[in-house]
Structures are given as structure tokens and as C-alpha cells.
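Each chain is listed here by its residues.
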Amino acid sequence: LEEAKSVERELADIRKDLAATGVADVVSAKVMVNDVPTVLAMVKASDMDNLRDYADKGIEQLGSGVVLLASVNEDKINFVCKVSKDVVKRGAHAGNIVKAAAQAAGGNGGGRPDMAQAGGKDPEKLNDALRAAAEALKAMLG
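In this report, the structure presented in the accompanying data block is examined. This structure is a prediction, so every number in the text was calculated from the model and none was measured.

Some remarks on unusual backbone geometry
Next, step 1: Unlike most non-glycine residues, Asp-35 shows phi in positive territory, near 65°.
Next, step 2: By the secondary structure assignment, Asp-35 is in the loop between strand 1 (31–33) and strand 2 (36–42).

Quick notes on the pairing of strand 2
Next, step 1: Most of strand 2 is tucked away, with five of its seven residues classed as buried.
Next, step 2: Sheet analysis places strand 1 next to strand 2, joined by three bridges and oriented antiparallel. Pairing of Val-33 across the sheet is with Val-36, part of strand 2.
Next, step 3: Where strand 1 hands over to strand 2, the hairpin turn is made up of two residues, of which Asn-34 adopts a positive phi near 50°.

A few points about the environment of Ala-105
Next, step 1: Residue position: Ala-105 is located in the loop between helix 4 (94–104) and strand 5 (108–111).
Next, step 2: A relative accessible area of 0% places Ala-105 in the buried class.
Next, step 3: Placed 23 residues apart in sequence, Ala-105 and Asp-128 show a C-alpha to C-alpha distance of 7.3 Å.
Next, step 4: Other than its neighbours up to four places away in sequence, Ala-105 contacts Ile-77, Phe-79, Gly-120, Lys-121, Asp-122, Lys-125 and Ala-129.

Side note on the nonpolar core
Next, step 1: If you look at the biggest cluster of nonpolar residues, it comprises 25 residues, and the most contacted ones within it are Val-66, Leu-68, Phe-79, Cys-81 and Val-83.
Next, step 2: Tallying contributions element by element places helix 5 (residues 126–141) first for this core, with six residues.
Next, step 3: Val-43, Met-48, Val-67 and Met-115 belong to the second-largest nonpolar core, a separate cluster that totals 17 residues.

A word on helix 5
Next, step 1: When the terminal C-alpha atoms of helix 5 are compared, their 23 Å separation across 16 residues agrees well with the 22 Å that a helix rising 1.5 Å per residue should span.
Next, step 2: Just past helix 5, the residue Gly-142 takes up positive phi, approximately 70°.

Remarks on the packing of helix 4 against helix 5
Next, step 1: Where helix 4 meets helix 5, the closest approach of the two axes is 7 Å, and the angle between their N-to-C directions is 145°. By crossing handedness, the relation of helix 4 to helix 5 is classed as right-handed. Residues Asn-96, Ile-97, Ala-100, Ala-101 and Ala-104 of helix 4 form the contact with helix 5, whose participating residues are Asp-128, Ala-129, Ala-132, Ala-133, Ala-136, Leu-137 and Met-140.
Next, step 2: Looking at side-chain class alone, the contact of helix 4 with helix 5 contains ten nonpolar, one polar and one charged residues.

Calculation rules
Residues numbered from 1 in each chain as written. Predicted model: local features only at pLDDT ≥ 70, side-chain atom pairs only at ≥ 80, totals over all residues. Heavy atoms only, no water. Helix = DSSP H or I, 4+ residues; strand = E, 2+ residues; numbered from the N terminus. Buried < 20%, exposed > 50% of the residue type's maximum accessible area, 1.4 Å probe, protein only. Pairing = 2+ DSSP bridges. Contact = heavy atoms within 4.5 Å. Core = buried A, V, L, I, M, F, W, Y, C linked by side-chain atoms within 4.5 Å. Expected span 1.5 Å × (residues − 1). Axes fitted to C-alpha atoms, helices over the stretch in contact; angles between N-to-C directions. Left-handed = near helix turned anticlockwise from the far one by under 90°. Nonpolar A, V, L, I, M, F, W, Y, C, P; charged D, E, K, R; others polar.

Spelled out as C-alpha cells, the structure:
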């Protein structure tokens, strides 16, 4: 049992390391939304915890901005959004950004101004969801 726990911890550490290396490519593809660095991307994540790790690493590397990541698992889309504190002060709200994305993909969700997660039922609407998130952010920033 102890050995199984040890292997589980090791696997979790490996996933975090992979998240760190995989995120660099995603962050380099950022776009500017009303002068705020924004990452809107799909990544391969094994589960919601793994997706949150990616988002944490993404906002860490970005410094200031918004990171919305999506992952498709078993015919569903998971979304995680992180917003840096300075961008929250400008009016951005992760809960509302992620909600817009999820609703565009037939789902729902929400959360705090700096971190939120959601789910969608229609993976084919992923691009619509990312566009909806960008539009929601634009509206918040004025």
C-alpha cells in the first residue's frame, strides 16, 4: 500500500513537470485582448487537477494576464481560467469568462474572480467556446 502511494505521488510530480514544460508552448501563443496578454488554448490533460496544474503554470509564466485552458475528455470539455490580480482589478472575472466559454459548449460553471472552472457537453464547439471567452473578456475590460 505504501509503495502504491509512493508511485502515485511520483506520477503526480511527473504530471506537474509535464505541465510546466507543455505550458511554455501554449504561453508563447498568447494574444492581446484589449492590451491584456491572454492565452486561450486546448491542452491534453488527464483530469481537472492536471488542467488546473497547467493553468497555474501558465499564469505563473505569463505573470500578468488571463489563461483559459480547455481539455477534452470522454466527450466533454473541461475549462479552467486563471486571471492575475492586476487584471482582476481592471474588471476581468475568471468565473464569468469560464462561464461564457462553457455555455457556448453546452455547459456551465463559474468561480472566483482569479480562478474558475467549468464543463461543456459539446467538444465540437470548442472554438466557439474560446471565442466566447475572448468576447466576454473584451466586454469586461471595456
